[in-house]
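An overview of the molecular structure
Okay, here's what each chain looks like letter by letter:
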Amino acid sequence: MDMVPSRLPWASTLSNVSIEHHRSQIKNEKKEIRRKQLKEDFPLNPLMKSFLGFLQAQPADTKKYFLQWMKVFMQELSCGRLEELRRDYHELWSENLAGKRSKKKPSGNDELLSRLDALSDEINRLSIGLEHLLREVGQIYEALEFINSETESFVKLPEIAAELMVSGYPVELMDGDASYLPLRWVGAIFDSLIERLGDKRVFVLSVLGVQSTGKSTLLNAMFGLQFNVSAGRCTRGAFMQLIPVSEQLQQDLGFDFVLVVDTEGLRAIEMANKPSLNHDNELATFVIGVGNLTVINIVGENPSEMQDVLQIAVQAFLRMKKVNLSPSCLFVHQNMGEATAKEQNMEGQRRLQEKLDEMTVVAAQQEFCGVSSFRDVIGFDVNTHIHYFAHLWVGNPPMAPPNPTYSQNVQQLKSKIFQAARKESQRSILRLSSLKDRIGDLWNALLNENFVFSFKNSLEIAVYRKLESAFSQWTWRLRSHILDVQMRLDNKIRNGDWQNVTREHLEGLVQETSDAIEKEVDKYFREDRDHETLVQWKSGTELKLKELKEALLHETKKKCENLIELQKEQKKLDARKLKYKDELLRRSREWAVSLKGKSLSERELKHSFTRALKKWIAKVSCAAPRPEWVDIDAEIEDVLLEHFKEPGFHARIRSFPRGRGFSFDMKKHMMKKKHHPFSKDFWSISNADALNFQHITDNIIECVEKNIAKKEEEKRDYSRNFIHEILDEVQKGVNSVPSDGNCTFTREYSIDLSLYLCTMAAERFKAMHEAFQKANDPVVYLRSKREDFFQCFQISCQGATSVTTFAVFLCHKIEPALRQAVYERAAKDIAEDMQGKFPDFQGSRATLEVCILRYLAEKEDFEYFKEYLRSPKQFCEMYIETRVRRHCLHGSRSLRMFLDSSLDFLFQNILSAVSLSTRVVKDRKDREDKVSLWLDEFCRELSEVMNLPRSELKGIEHQEVTDIELLSSAMAEALEDLRDRLREELAGADLTSFPRQPHTILAEHFSGCRAQCPFCGAVCTNTMRNHDGDHQVAFHRPRALKELMRCTWETDNKYEPDELAIDICSSLVASDRDFRVGGGQRIPYKTYRDAGPPYSTWNILPDPSMQAYWKWFVSRFRTKLESWCNGKFQGKGEIPEAWRRITKQEALSELEEH
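All of these numbers come straight from a predicted model, not from anything done at the bench.

1. So, the overall build of the chain
In terms of regular secondary structure, the chain is built from 43 helices and 12 strands. Each of the 1154 residues in the chain was classed as buried or not, and the buried ones make up 51%. Intrachain contacts of the chain at a sequence separation of at least 6 include 77% that bridge at least 24 residues. Of the roughly 54600 Å² that the chain leaves accessible, carbon and sulfur atoms contribute 50%.

2. Side note on the environment of Glu1059
Note that Glu1059 resides in the loop between helix 38 (998-1005) and helix 39 (1065-1068). Here Glu1059 falls in the buried class, since its relative accessible area comes to 8%. As for Glu1059 and Gly1133, which are separated by 74 residues in sequence, their C-alpha atoms are 5.7 Å apart.

3. Concerning the packing of helix 33 (residues 862-870) against helix 40 (residues 1108-1116)
Two elements in contact, helix 33 and helix 40, have axes whose closest approach is 12 Å; the angle formed by their N-to-C orientations is 125 degrees. Looking at the two axes, helix 33 sits oblique to helix 40. Regarding helix 33 and helix 40, the two cross each other, and that crossing is left-handed. Only Tyr1109, Trp1110, Trp1112 and Phe1113 of helix 40 make contact with helix 33, whose side of the interface consists of Phe862, Phe865, Tyr868 and Leu869.

4. Points about the nonpolar core
Note on soluble globular proteins: their nonpolar side chains tend to be buried together. One finds Ile814 and Phe1113 to be the most contacted residues of the largest nonpolar core, which totals 100 residues. Sort the elements by how many residues they give to this core and helix 30 (residues 803-837) lands first, with 17 residues. Leave out the neighbours within four places in its chain, and Phe1113 touches Phe862, Phe865, Leu869, Leu1041 and Leu1121. Leu242, Ala284, Phe374 and Ile386 belong to the second largest nonpolar core, which has 89 residues in total.

5. Some details on the pairing of strand 4 (residues 257-263)
Within strand 4, 7 of the 7 residues are buried, leaving the element largely enclosed by the surrounding structure. Where burial is concerned, the two faces of strand 4 agree: the one with Phe257, Leu259, Val261 and Thr263 and the one with Val258, Val260 and Asp262 are both buried. For strand 2 (residues 201-209) and strand 4, the ladder comprises 5 bridges, and the chain directions are parallel. Bridge assignment links Val202 to a residue of strand 4, and that residue is Phe257. Strand direction decides the pairing type here: strand 3 (residues 237-244) and strand 4, joined by 7 bridges, are antiparallel. For Leu242, the partnering residue across the bridge sits in strand 4 and is Leu259.

6. Thoughts on the state of the cysteines
Taken as a whole and assessed by the stated rule, the structure comprises 0 disulfides. Cysteine Cys1009 remains unbridged, with the sulfur of Cys1020 as its closest cysteine sulfur at 3.8 Å. No disulfide involves Cys1013; its sulfur sits 3.8 Å from the nearest other cysteine sulfur, which is in Cys1016. What makes Cys1013 buried here is its relative accessible area of 0%.

7. So, the pairing of strand 1 (residues 171-175)
The element strand 1 is largely enclosed, with a buried count of 5 among its 5 residues. Sheet topology places strand 1 next to strand 3; 4 bridges connect them, and they run antiparallel. From the neighbouring strand, Val171 faces strand 3, where its bridge partner is Met240.

8. Remarks on the pattern of salt bridges
Per the counting criterion, the structure on display carries 58 salt bridges. With a closest N to O distance of 3.1 Å, Glu1004 and Arg996 form a salt bridge. The network of salt bridges with common partners includes Arg1118, Glu1122, Lys1128, Glu1134, Glu1137 and Arg1140.

9. So, the packing of aromatic side chains
A complete count under the given rule lists 46 aromatic pairs for this structure. Aromatic side chains Tyr718 and Phe722 sit 6.2 Å apart centroid to centroid with 90 degrees between the ring planes, which places their arrangement in the edge-to-face category. Phe722 carries the same exposure label as Tyr718, and that label is buried. Where Tyr855 meets Tyr879, the ring centres are 5.1 Å apart and the plane angle is 65 degrees; that geometry is what we call edge-to-face. A residue pair is termed long-range when its members are at least 10 positions apart, and Tyr855 in helix 32 (residues 845-859) and Tyr879 in helix 34 (residues 872-889) qualify at 24 residues. In terms of burial, Tyr855 and Tyr879 fall into one category: buried. Note that Lys711 overlies the ring of Phe722, its terminal NZ or CZ placed 4.8 Å from the centroid.

10. Comments concerning the environment of Ser433
For Ser433, the location among the structural elements is in helix 15 (residues 432-446). The spatial distance from the C-alpha of Ser433 to the C-alpha of Gly187 is 8.8 Å, given a sequence separation of 246 residues. Those residues in contact with Ser433, other than ones at most four positions away along the chain, are Ile194 and Asp199.

11. Some thoughts on a negative patch on the surface
On the surface, a cluster of negative charge is made up of Glu973, Asp977, Asp980 and Glu984. Along the polypeptide, Asp977 turns up in helix 37 (residues 964-987).

12. Details of a nonpolar patch on the surface
Nonpolar side chains collect at one region of the surface, where Tyr89, Trp93, Leu97 and Leu113 lie side by side and expose about 330 Å² of accessible area between them. In terms of residues, the nonpolar patch owes the most to one element, helix 3 (residues 60-101), which gives 3 residues. Examined against the element boundaries, Leu97 turns out to sit in helix 3.

13. Details of unusual backbone geometry
For the bond running from Pro1093 to Pro1094, omega is 0 degrees, close enough to zero to count as cis. Considering the arrangement of structural elements, one finds Pro1094 in the loop between strand 12 (1082-1084) and helix 40. Positive phi, normally seen in glycine, also occurs at Glu860, with a value near 55 degrees. Mapped onto the secondary structure, Glu860 falls in the loop between helix 32 and helix 33.

14. A closer look at helix 8 (residues 215-223)
Within helix 8, 7 of the 9 residues are buried, which leaves it mostly tucked inside the rest of the structure. Those residues of helix 8 that sit buried are Lys215, Ser216, Leu218, Leu219, Asn220, Met222 and Phe223. Residue Gly224 follows helix 8 closely and has a positive phi angle near 70 degrees.

15. Quick notes on the environment of Phe1117
Within the secondary structure layout, Phe1117 lies in the loop between helix 40 and helix 41 (1118-1125). With a relative accessible area of 3%, Phe1117 lands in the buried category. Remark: the alpha-carbon pair of Phe1117 and Glu860, spanning 257 residues in sequence, is separated by 9.3 Å. Not counting the four nearest positions on each side in its chain, Phe1117 is found in contact with Glu860, Asp861, Phe862 and Phe865.

16. Here we look at the confidence of the model for the chain
Mean pLDDT over the chain stands at 79; residues scoring 70 or higher make up 80%. Low pLDDT, under 50, characterises residues 1-14; the stretch is placed with 50 contacts to residues that sit more than four places away or in other chains.

17. A short note on the packing of helix 30 against helix 38
Helix 38 packs onto helix 30 with a crossing angle of 50 degrees between their chain directions and a minimal axis gap of 8 Å. Looking at the two axes, helix 30 sits oblique to helix 38. Crossing of helix 30 over helix 38 shows right-handed handedness. On helix 38, the residues touching Ala827, Lys828, Ile830, Ala831, Met834 and Gln835 of helix 30 are Pro998, Ile1001 and Leu1002. Residues belonging to the contact of helix 30 with helix 38 are distributed by class as follows: 7 nonpolar, 1 polar and 1 charged.

Reading the values: the criteria
- Per chain, residues are indexed from 1 in the order of the written sequence.
- pLDDT decides what is reported in this predicted model: residues at 70 or higher carry local features, side-chain atom pairs at 80 or more are listed and counted, and totals for whole chains, interfaces and linings draw on all residues regardless.
- Excluding hydrogens and water, the side-chain values take into account all heavy atoms of the structure.
- Only runs of H or I of at least four residues qualify as helices and only runs of E of at least two qualify as strands under DSSP, and these elements are numbered from the N terminus.
- Each residue is assigned to one of three classes by its accessible area relative to the maximum for its type, calculated with a 1.4 Å probe on protein chains only: buried under 20%, partly exposed between the two thresholds, exposed over 50%.
- A contact between two residues is defined here by any heavy atoms of the two lying within 4.5 Å.
- Under the convention used here, a 1.4 Å probe and the Shrake-Rupley method define accessible areas, while residue burial counts only the protein chains that appear.
- Lines fitted to C-alpha atoms define the axes here, with helix axes fitted over just the stretch in contact, and angles between the N-to-C directions of these axes take values from 0 to 180 degrees.
- For classification, angles of less than 35 degrees are called roughly parallel, those exceeding 145 degrees roughly antiparallel, those between 65 and 115 degrees roughly perpendicular, and all remaining angles oblique.
- Whether a crossing is left-handed or right-handed is set by the direction in which the near helix is turned from the far one by less than a right angle, anticlockwise for left-handed and clockwise for right-handed.
- Among the buried residues, those of types Ala, Val, Leu, Ile, Met, Phe, Trp, Tyr and Cys that are joined through side-chain atoms within 4.5 Å form a nonpolar core.
- Pairing between strands is defined by DSSP: at least two bridges between the two strands are required.
- By definition, disulfides here are pairs of cysteine sulfur atoms that lie within 2.5 Å.
- In what follows, salt bridge is the name for a side-chain nitrogen of Lys or Arg lying within 4 Å of a carboxyl oxygen of Asp or Glu.
- In summary, the pairing rule links any two rings of Phe, Tyr or Trp, Trp by its six-membered ring, whose centres are within 6.5 Å, and it sorts them by plane angle into stacked for under 30 degrees, edge-to-face for over 60 and tilted for everything else.
- A ring is scored as having a charge over it whenever the NZ atom of a lysine or the CZ atom of an arginine sits within 6 Å of its centre and within 35 degrees of its normal.
- Distance thresholds for patches are 9 Å for like charges and 5 Å for nonpolar side chains (Val, Leu, Ile, Met, Phe, Trp, Tyr), applied to residues having over 30% relative accessible area and no salt bridge.
- A positive count includes Lys and Arg, and a negative count includes Asp and Glu. His and the chain ends are not counted in either.
- In plain terms, the charge of a residue is placed at NZ if it is Lys, CZ if Arg, CG if Asp and CD if Glu.
- Values of pLDDT, ranging from 0 to 100, describe the predictor's confidence in every residue of the model.
- Three residue categories are used. Nonpolar comprises Ala, Val, Leu, Ile, Met, Phe, Trp, Tyr, Cys and Pro, charged comprises Asp, Glu, Lys and Arg, and polar comprises the others, including Gly.

Okay, structure coming up:
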């Protein structure tokens, strides 16, 4: 019960049904056929039951004996009847020839020809062998697999075939009668081989040639195999046989087995009237693609007789070149008359070379490839890649003896094959698991009309995904180290110890880590088991790492320079405050000296100090200049009027609505660059352009909001330049539209977006300005420092007994700096811990995307899906934040562990600084100001650890502390109290306390590529920004999921206005449908790249798989989607019944496979 080859059934669909409906219909039909097949097969007939039972129960030697005799009996079974049929065939053929000579009426000849065809078919059906029984076993297995049967007794069916292969029996790879390759069955056989032998390396040798040219005989003679041989079309389809390689040869050759693939003859007479006209081309493409080396077998050396097979072979090699496969070939000329034919056929070699080049030109035209010679396709040497064979027999069979020269020729060819195998690239010698994938890739591509377009190299994809995961680990190490450097430099700059940062100094700080990563990268590409596949990405990966390093260093330098500039500005503002502060400290010391000798209680002391401080602050308040307040709304109006110079713009500014988000309007904000007679309105603007322009808008708004948030974090004052920065950001976004694009932004867009951003920023700028004025008002500042002044006053009053108070005061200054440092370090530690422990963050962006989709399905909340579809980047950040919160706050509450660890680390740093400062100062007899010197050393030691400026400690630097050892002990005790107090405070902390959130560190690491599919909006999952090659994604979606992409202006005009499109682009690219691009031009989906960017930058492969995830989502949330998209899933957009049957578990299972 052979299945008809399942070419992509939706390649040509009826106009009144959608592609997805047609796919579902075909799938249902296939399932029904499989059910009928199982109904016919079960219970098993006595033959199959006995056959399988014997093979499962008997030992190996008994099986060999059984199979050998079974082959003999099966041949005898059909032998008698075959002789009768051949005799009848000969008589009819003779009668037909006689009729032609007597010039009888054509109707009589037609009847004879139909009878001849019937006899020919019967002869073919009577040819029965072991392959037919194994084919039936394979069909039973595939049928059970297709309907997800869990019948345990048939799970071991592939093991039977695998055991036969190991025992030296050929197994059918491709069914020649139905031109069908049972992928599930073949894949299961390979899995059983791997389980039995291990994942061994295999050299694949295939043979190709015209019918009855001695291909099977050649292989049998070369390796002692058991392929069927006889005149006429004996081999059907393709068979594979496994040959073990001796241990000695394994080391020399680099592989463990040879897999020999024998094929049916090309241009067979029996196939001349078959409907599959491309059968030979497909067979040649498959056999050459799966083989490391293909022997092309030719009888004689007449180029005219070789033309057919050469054209087929050359076209197959050309296809391999276009999909980056590199098999090699040897030509064998059989039945040459002279033993010295090779030396005497220089002219024949020249003619063969000319014919190959001629066929290459023809094939290149068919494959749309600019190649002019066969050498451009594969490495071919006419002198060494052509072998001449003598006749097999000396004389005429059956009494003729074998020709010894033929055996010598076979041995020479075998030696040449192993020489070629020895030189074969290890990249192309696959393991059994990879060979299984390669067979699947080739077959799936052949089922499409365009092999090159449809070929999916699963092996390269798997290797690249592994590289992406490694790349993610390398970039994380680099990013983590530079983050450490940034934290240290920030502290030094804030402490006033760093006034200038150079690129050379930054490079020196990261050089060691960078060199270690470079060595690891080089080792990975040199020693990985797939290093020969990886080599094509080596330079690109190294360049991306270099670019990332450059970008991170540039960003770090820019941050440091901004911080230095900010510190300089702040220093100017602080100078005025410090003048008042120094004056108050001087007066407080003088007041303390005047009170020495008086026994005042602490309460009396504080009361006396407070009265004096009020008088001093009142004097400062009278002398201090009043703060200058800026009318921010007026300034914004002035800048906008100056920038746009539009009549009536003042009123437009005043009337612009506030407090609402920005709404992108295609009609108002986009326009065509050139007028087109068929595109008179905005509906002619393509979805891809609209999506791209929406992304530009989102990026502009995001950049502006980030810049404002950064200024707020830096506690900067408002500046008129901030408005110009917003306008510059809008202009930069408008200018980012490609110059060769179809559309551009309108002036109205720039005006509307600028008004929105400026009105949004105005309120935040006002709050910034107010906060800055308060923070830098000398009177406000002095009042805020009242407690500090009192402590300094108290220490001065106490004199030499003030060590404990001194330590308490210093710890009071350390406390906010320590708290901030704890949070900064803990944020990085949390991100690093999650990156190392959670599968979501250990791999590539594609892995993270699968985790997000799994999270969405498990939540089963439409609002979550909606947010993901609208803003994938923001949702990704939200997902990372959710994972961080769950890890830190739920269950183990590991946030406290991270904070405690960070606190302990920093506490040890402070204790070390105390100890070191004490050792340095206690031996300095030449210095009177030991406290000042101790503070200098203490702050210097902590300059990279926390933000503790030396200037903040000027109030206690003149204190009389003579016993430095006592100061060290007092500091240790005070620090213990500080640590306990902070530990208690941190116990109740949550993530809102962090100045920099841990999830933002991870989000920056996984930013990657954010390009969206121009058809369905799915996001490219490449880990690398600006990556080489095309964009791609594992899961494309139904087109209805593109936000507000109503079918009235969708690219497919076959839907009604209120119908939502359910087609998926990975199905559309295999169909005969077309789509409209800007300007009204229609492009077939099969050649979607012809539409230019952004279409040409995407690699969208035909996908015949279930694609269950998004189908489940559409079915599950049908009503809410209809409401959201303001349309209906009806008519052509009706959801197929098969979609409704998909369960959430099936959708999740599909995710697990990626």
